[in-house]
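Letter by letter, the chains look like this.
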Amino acid sequence: MLFRSHVPIPLIVGIDSVHGNSNVKSATIFPHNVALGATRDAGLVRRIAAATAQETAAVGIDWAFAPTLAVPQDKRWGRTYEGFAEDPTLVRQYAREFVLGLQGTPGAGRTIQQGHVAASAKHFLGDGGTSEGIDQGDTRVSEADLIKTHAQGYIAAIDAGVMTVMVSYSSWNGQKMHGNRSLITDVLKGRMGFQGLVVSDWNGHGQLPGCTKRNCPDAYNAGIDMIMAPDGWKGLFDNTVAQVRSGVIPMGRVDDAVRRILRVKLKLGLFESPRPWEGRLERLGSPEHRALAREAVRKSLVLLKNNG
């Protein structure tokens, strides 16, 4: 018997709202994370994240690919400006506030569909510590240093209820993070207790040895639940279905991924309402948001003193 009636699974739409929803004309642009780190004002960071969430939700987007929790250790890294600080203590403090600003306070009732969006802690793990600052390079540190320096922001983000985590292009001691089952499944989902979904970075799966953009069971088996495949998605879909049917990707791994994705969609309220905040375009570049951006600029100014 064929059952045709079922609850439609809603789409989830995400975008890089990393310092405001900078993808949209008239949106408020806030200083990058490196400047916010200079303010030493965690409350300001939370207010900026909340404003960013409003301007993201207003255009019908459910998910911000932020905050970046990299802890830059080498200034030669070209993405140093995306990190709040080289001090993991400050990154940990800011991680909590940014997640709460984007998502709202856990347990506070319906907040996500009232101008809040899902956050994404990224890029897991150690992207700010690559050797010689090489982008997408190799972070060559001990497990103790990985925890002490690079993992602190994720601990705080998970405690704040972050819904998603994005995996890094980089490697840890020679192993690409997109294929690191030990860190993604055993540590992040296991020891750290993360209950949300794990998403890849843009075509990051295609960098794994033996993988292409259209074929990569190793990324799923490592624990990635959703793959960001902008141009190879059709081939990836066909290959993934075949690999599940053949047992290369265990059905238990599919169940875990589906459960986590549905959990996030349910928390977002996507099954219940057609994005009630969508269309509130008056929030884009609103006077209060622009005033907040000016406050952030003032507080982030750094005066350098020449001591000879």
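What you see is a predicted model, and the numbers here were worked out from it, not measured in a lab.

Calculation rules
- Residues numbered from 1 in each chain as written.
- Predicted model: local features only at pLDDT ≥ 70, side-chain atom pairs only at ≥ 80, totals over all residues.
- Heavy atoms only, no water.
- Buried < 20%, exposed > 50% of the residue type's maximum accessible area, 1.4 Å probe, protein only.
- Helix = DSSP H or I, 4+ residues; strand = E, 2+ residues; numbered from the N terminus.
- Pairing = 2+ DSSP bridges.
- Salt bridge = Lys/Arg side-chain N within 4 Å of Asp/Glu carboxyl O.

Okay, the pairing of strand E3 (residues 120-124) next. Summarising burial for E3: five of the five residues are buried, a large majority. Pairing geometry for E3 and strand E5 (residues 164-167), over three bridges, is parallel. Bridge pairing links Phe124 to Val167 in E5.

With respect to topology, three strands assemble into an open sheet ordered E4-E6-E7, the strand pairing being mixed. Because the sheet does not close on itself, it has two edges, and the strands there are strand E4 (138-139) and strand E7 (175-176). Both strand E6 (residues 171-172) and E7 contribute to a ladder of two bridges, which runs antiparallel. Paired with Ser171 across the strands is Lys176, a residue of E7.

This part is about the pattern of salt bridges. Per the stated rule, a full pass over the model turns up 22 salt bridges. Among the ionic pairs, Asp62 bridges to Arg275, the shortest N-O distance being 2.7 Å. Taken as a pair, Asp62 in the loop between helix H2 (42-57) and strand E2 (63-64) and Arg275 in the loop between helix H9 (251-268) and helix H10 (287-300) lie far apart in primary sequence, 213 residues in all. One salt bridge in this structure joins Asp256 and Lys189, with 2.9 Å as the shortest N-O distance. Of this pair, Asp256 sits in helix H9 while Lys189 sits in helix H6 (residues 181-191); the two residues are 67 residues apart in sequence, bridging distant segments of the chain. Taking the relative accessible area as the measure of exposure, Lys189 reaches 9% and is therefore buried. Linked by salt bridges that have partners in common, Lys189, Asp225, Arg253, Asp256 and Arg260 make up one network.

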